[in-house]
Amino acid sequence: MAKNKVKKFYDNKGGEKLIDTKFFVPEIDDYLRNEKEFIQKILELGKYPGILEIGCMNGRNLDIAKEQGIRYVGIDIVRRFVDEANRKIENLGIDAIALECDVKYLYDIKDVISSDFLAVFPFNSFGNVDDPQRALNSLSKQGLDLSLIHI
């Protein structure tokens, strides 16, 4: 299978600035703050036992799972981001894991997610999906609720 353009970009270390807060303008800081509040509200209203963060990078929303006392599964197509997220997880003492997985192939991780999880595409992640329809079909096949964050 040919590598998609997004994976090539990240494999060449093109994505580090997307998670480095020193490059954020105030509008992005505000967006991310609002995004966290929105995810927390959805989780509280839906009484979800877990969250699947798609395009988790370094585990951006691990803190929400910890605060809510729910399971966290983060997926990303970039191994170094998954490794960084798992290092964070080790220090948090929560029920969490980060895995290298493309959202189009959620069947591969069906044993670690539950259909009653909330699936979240955080800031900038849905726009990086190379085949959005196939990704949404994959989520649907697993029976996950989906939150596309647009604040």
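Above this note sits the structure.
To keep things clear, this report deals only with the structure shown in the data block. (Residues numbered from 1 in each chain as written. Predicted model: local features only at pLDDT ≥ 70, side-chain atom pairs only at ≥ 80, totals over all residues. Heavy atoms only, no water.)

## Focus on the pattern of salt bridges
What counts, and what does not: Whenever a carboxyl oxygen of Asp or Glu lies within 4 Å of a side-chain nitrogen of Lys or Arg, that contact is scored as a salt bridge. Runs of E in the DSSP output that reach at least two residues are strands. Runs of H or I that reach at least four are helices, and both are numbered from the N terminus. The cut-offs for exposure are 20% and 50% of the maximum accessible area for each residue type, with area from a 1.4 Å probe on protein chains only; residues under the lower value are buried, those over the upper are exposed, and the others partly exposed.
Counted under the stated rule, the structure contains 8 salt bridges. With its nearest N and O atoms 2.6 Å apart, the salt bridge here joins Lys104 to Asp130. Here Lys104, found in the loop between β3 (96-100) and β4 (118-121), pairs with Asp130, found in the loop between β4 and α5 (132-142); they are 26 residues apart in sequence, far enough to count as distant. For Lys104, a relative accessible area of 10% gives the class buried.

## Section: unusual backbone geometry
Not every positive phi belongs to a glycine, and Met57 is a case in point at roughly 50°. Take Met57: it is sitting in the loop between β1 (50-54) and α3 (62-68). The phi dihedral of Asn124 is positive, around 75°, even though this residue is not glycine. By secondary structure assignment, the location of Asn124 is in the loop between β4 and α5.

## Some points on the pairing of β1
Note the threshold: The criterion for strand pairing is that DSSP finds at least two bridges linking the strands in question.
Burial analysis of β1 places 5 of its 5 residues in the buried class, the great majority of the element. Side chains Gly50, Leu52 and Ile54 of β1 all project onto a buried face; the interleaved residues Ile51 and Glu53 project onto the opposite face, where all are buried too. Alignment of β1 against strand β2 (residues 71-76), held across 5 bridges, turns out to be parallel. Its bridge partner being in β2, Ile51 is matched across the sheet by Tyr72.

## Quick notes on the packing of aromatic side chains
The line we're drawing: Any Phe, Tyr or Trp ring, taking Trp's six-membered ring, that has another such ring centre within 6.5 Å forms a pair; planes under 30 degrees apart are called stacked, those over 60 apart edge-to-face, and the others tilted. The rule is short: NZ of Lys or CZ of Arg within 6 Å of the ring centre and within 35 degrees of the ring normal puts a charge over the ring.
A complete count under the given rule lists 2 aromatic pairs for this structure. Arranged with centres 4.9 Å apart and planes meeting at 85°, the rings of Phe121 and Phe126 form a pair that is edge-to-face. Residue classification places Phe121 among the buried residues on the basis of a relative accessible area of 3%. Take Phe126: its relative accessible area is 25%, and that puts it in the partly exposed class. Residue placement shows Arg80 over the ring face of Phe81; its charged tip is 5.1 Å from the ring centre. The positively charged end of Lys110 is found above the aromatic ring belonging to Tyr107, 4.9 Å away from the centroid.

## Side note on the side chain of Asp102
Note the threshold: Under the rule applied, a polar contact is a pair of N or O atoms within 3.5 Å (in protein, one hydrogen donor and one hydrogen acceptor; residues adjacent in sequence only if both atoms are side-chain atoms). In this description, contact between two residues means that some pair of their heavy atoms is separated by no more than 4.5 Å.
Positionally, Asp102 belongs in the loop between β3 and β4. Within the local environment of Asp102, its side chain forms a polar contact with the side chain of Lys104, the two groups lying 2.8 Å apart. Not counting chain neighbours up to four residues away, the residues in contact with Asp102 comprise Asn4 and Ile77.

## Comments concerning the side chain of Lys104
Of the polar contacts made by the side chain of Lys104, one reaches the side chain of Asp130; its length is 2.6 Å. Not counting chain neighbours up to four residues away, the residues in contact with Lys104 comprise Asn4, Asp130, Asp131, Arg134, Ala135 and Ser138.

## Thoughts on the nonpolar core
Going by this rule: Put simply, buried Ala, Val, Leu, Ile, Met, Phe, Trp, Tyr and Cys residues joined by side-chain atoms within 4.5 Å make one nonpolar core.
Residues Ile39, Leu43, Ile51, Leu62, Ala65, Tyr72 and Ala96 are the most contacted members of the largest nonpolar core, which totals 18 residues. Elements with a contribution of two residues or more to this core: α2 (26-46), α3, α4 (79-92), β3 and β4. Residues in contact with Leu43, not counting those within four places in the same chain, are Tyr48, Gly50, Ile51, Ile64, Gln68, Ile70 and Leu118. Counting residues in hydrophobic clusters, the runner-up holds 17 residues, among them Leu52, Cys101, Val103 and Phe121.

Just distances and angles here, no functional claims.
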